[in-house]
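Below are the chains, spelled out letter by letter.
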Amino acid sequence: MFALAAWNESSDELRLWRDGLGIKPLFTGVVNDAFVYASELKGVVATMDDAELEPDAFIDMFCFGWPLPGATVLRGIREVSPSERIAIRRDGHELSVRR
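Since the structure is predicted, the reported quantities are computational estimates derived from the model, not experimental observations. (Residues numbered from 1 in each chain as written. Predicted model: local features only at pLDDT ≥ 70, side-chain atom pairs only at ≥ 80, totals over all residues. Heavy atoms only, no water.)

1. Let's talk about the nonpolar core
Part 1 of the argument: Listed in full, the ten residues of the largest apolar core are Phe 27, Val 31, Val 36, Ala 38, Val 44, Met 48, Ala 57, Val 73, Leu 74 and Ile 77.
Part 2 of the argument: Residues in contact with Ile 77, not counting those within four places in the same chain, are Phe 27, Thr 28, Gly 29, Val 31, Leu 41, Val 44, Met 48 and Thr 72.
Part 3 of the argument: In this structure, Leu 16, Leu 26, Ile 86 and Ile 88 belong to the second largest nonpolar core, which totals six residues. (Core = buried A, V, L, I, M, F, W, Y, C linked by side-chain atoms within 4.5 Å. Buried < 20%, exposed > 50% of the residue type's maximum accessible area, 1.4 Å probe, protein only. Contact = heavy atoms within 4.5 Å.)

Given below as structure tokens:
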């Protein structure tokens, strides 16, 4: 079980991985024009000036007991799915997402 982030200096990109069982969480988003990631939602919230709630996620929580896969209760913040790998360039453009 792991959530891992590694900077690749030669290709100038950040790579994020989440374990296949999804035991360790990993959250990503863009806050104040910067890409942020954390293993806990409160780590992402700490970077936000004003957190906006996502109403649809609350509806899902009340209907199903949790937000739908990939969603969070914060607008613009998502949970990386189990086994997902992401590559982000320095300028913030997502290069690839593999599930």
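Still more ground to cover, so stick around.
2. A word on the pattern of salt bridges
Part 1 of the argument: Inspection of every chain in the model, using the stated rule, returns seven salt bridges.
Part 2 of the argument: A salt bridge links Glu 52 to Arg 75; the shortest N-O distance between them is 3.2 Å. Of this pair, Glu 52 sits in the loop between α1 (41–45) and α2 (55–64) while Arg 75 sits in the loop between α2 and β5 (77–79); the two residues are 23 residues apart in sequence, bridging distant segments of the chain.
Part 3 of the argument: Each of Glu 52, Glu 54 and Arg 75 takes part in one network of salt bridges that share partners. (Salt bridge = Lys/Arg side-chain N within 4 Å of Asp/Glu carboxyl O. Helix = DSSP H or I, 4+ residues; strand = E, 2+ residues; numbered from the N terminus.)

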